[in-house]
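Letter by letter, the chains look like this.
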Amino acid sequence: MGKRPLKKFYQVCSLILIASFIAACGGGSGNGDDSSTANLSSLVVNTAALEPAFSSGNLNYTATVENSLDSDTLTPTTQVSASTVTVDGATVSSGSASQAIALIVGDNTVATVVTAEDGSQRQYTVVVTRMGPLSRNADLADLTLSVSELDQIFDSAVFDYT
């Protein structure tokens, strides 16, 4: 076997490595053009943790806040400074908190839309769940014994059983 097939093999391997590197770096234009990048590098719900943890490739998140919070803010940071971002329809500066978003008890869907320089968009959605008020009712709903039976039908107003 001559040197020529081996040299060809190394050339092909080198081209594959170069192509892989270019793809991993975000493209092959060579000019650093980020005009079509509509990604966030960070998204923070200011009073709760995102589930799952933020990753620019994941577009859907949840967060849970206490009932005492009737509003919250999100802080989005764009991956490319030329991109713009809106939270719940209002423009926000990258890295700054949004205006207060009113939260009802239950699920609140908040859309964060990133627009790249070329107009392409990407939407990140956070469902913020505001917990209901704590109940002051400490009554049992039911009582079951594992070994025996109650001497009467369970009633939350009855405190003594035999």
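Look above for the structure.
Since the model is a prediction, treat every value here as computed from it, not as a measurement. (Residues numbered from 1 in each chain as written. Predicted model: local features only at pLDDT ≥ 70, side-chain atom pairs only at ≥ 80, totals over all residues. Heavy atoms only, no water.)

1. Considerations on the pairing of strand E4 (residues 74–78)
Taken residue by residue, a regular strand's side chains alternate between the two faces of the sheet.
Alright, step 1. Within E4, 4 of the 5 residues are buried, which leaves it mostly tucked inside the rest of the structure.
Alright, step 2. With 5 bridges connecting them, strand E1 (residues 40–45) and E4 associate as antiparallel partners. What sits directly across from valine 45, in E4, is leucine 74. (Buried < 20%, exposed > 50% of the residue type's maximum accessible area, 1.4 Å probe, protein only. Helix = DSSP H or I, 4+ residues; strand = E, 2+ residues; numbered from the N terminus. Pairing = 2+ DSSP bridges.)

2. Some details on the packing of aromatic side chains
Alright, step 1. The full count for this structure, using the stated rule, is 2 aromatic pairs.
Alright, step 2. A ring pair is formed by phenylalanine 54 and tyrosine 61, whose centres lie 5.7 Å apart and whose planes are at 25°; its orientation type is stacked.
Alright, step 3. For tyrosine 61, a relative accessible area of 2% puts it in the buried group.
Alright, step 4. Taken together, a centroid distance of 5.9 Å and an interplanar angle of 40° make the contact between phenylalanine 54 and tyrosine 124 tilted. (Phe/Tyr/Trp six-rings, centres within 6.5 Å; stacked < 30°, edge-to-face > 60°.)

3. Some words on unusual backbone geometry
Alright, step 1. The omega torsion of the bond from glutamate 51 to proline 52 falls at -10°, within 30 degrees of zero and hence cis.
Alright, step 2. With respect to the element layout, proline 52 can be found in the loop between E1 and strand E2 (60–65).
Alright, step 3. Even without being a glycine, aspartate 88 presents a positive backbone phi close to 55°.
Alright, step 4. If you trace the backbone, aspartate 88 turns up in the loop between strand E5 (84–87) and strand E6 (90–92).

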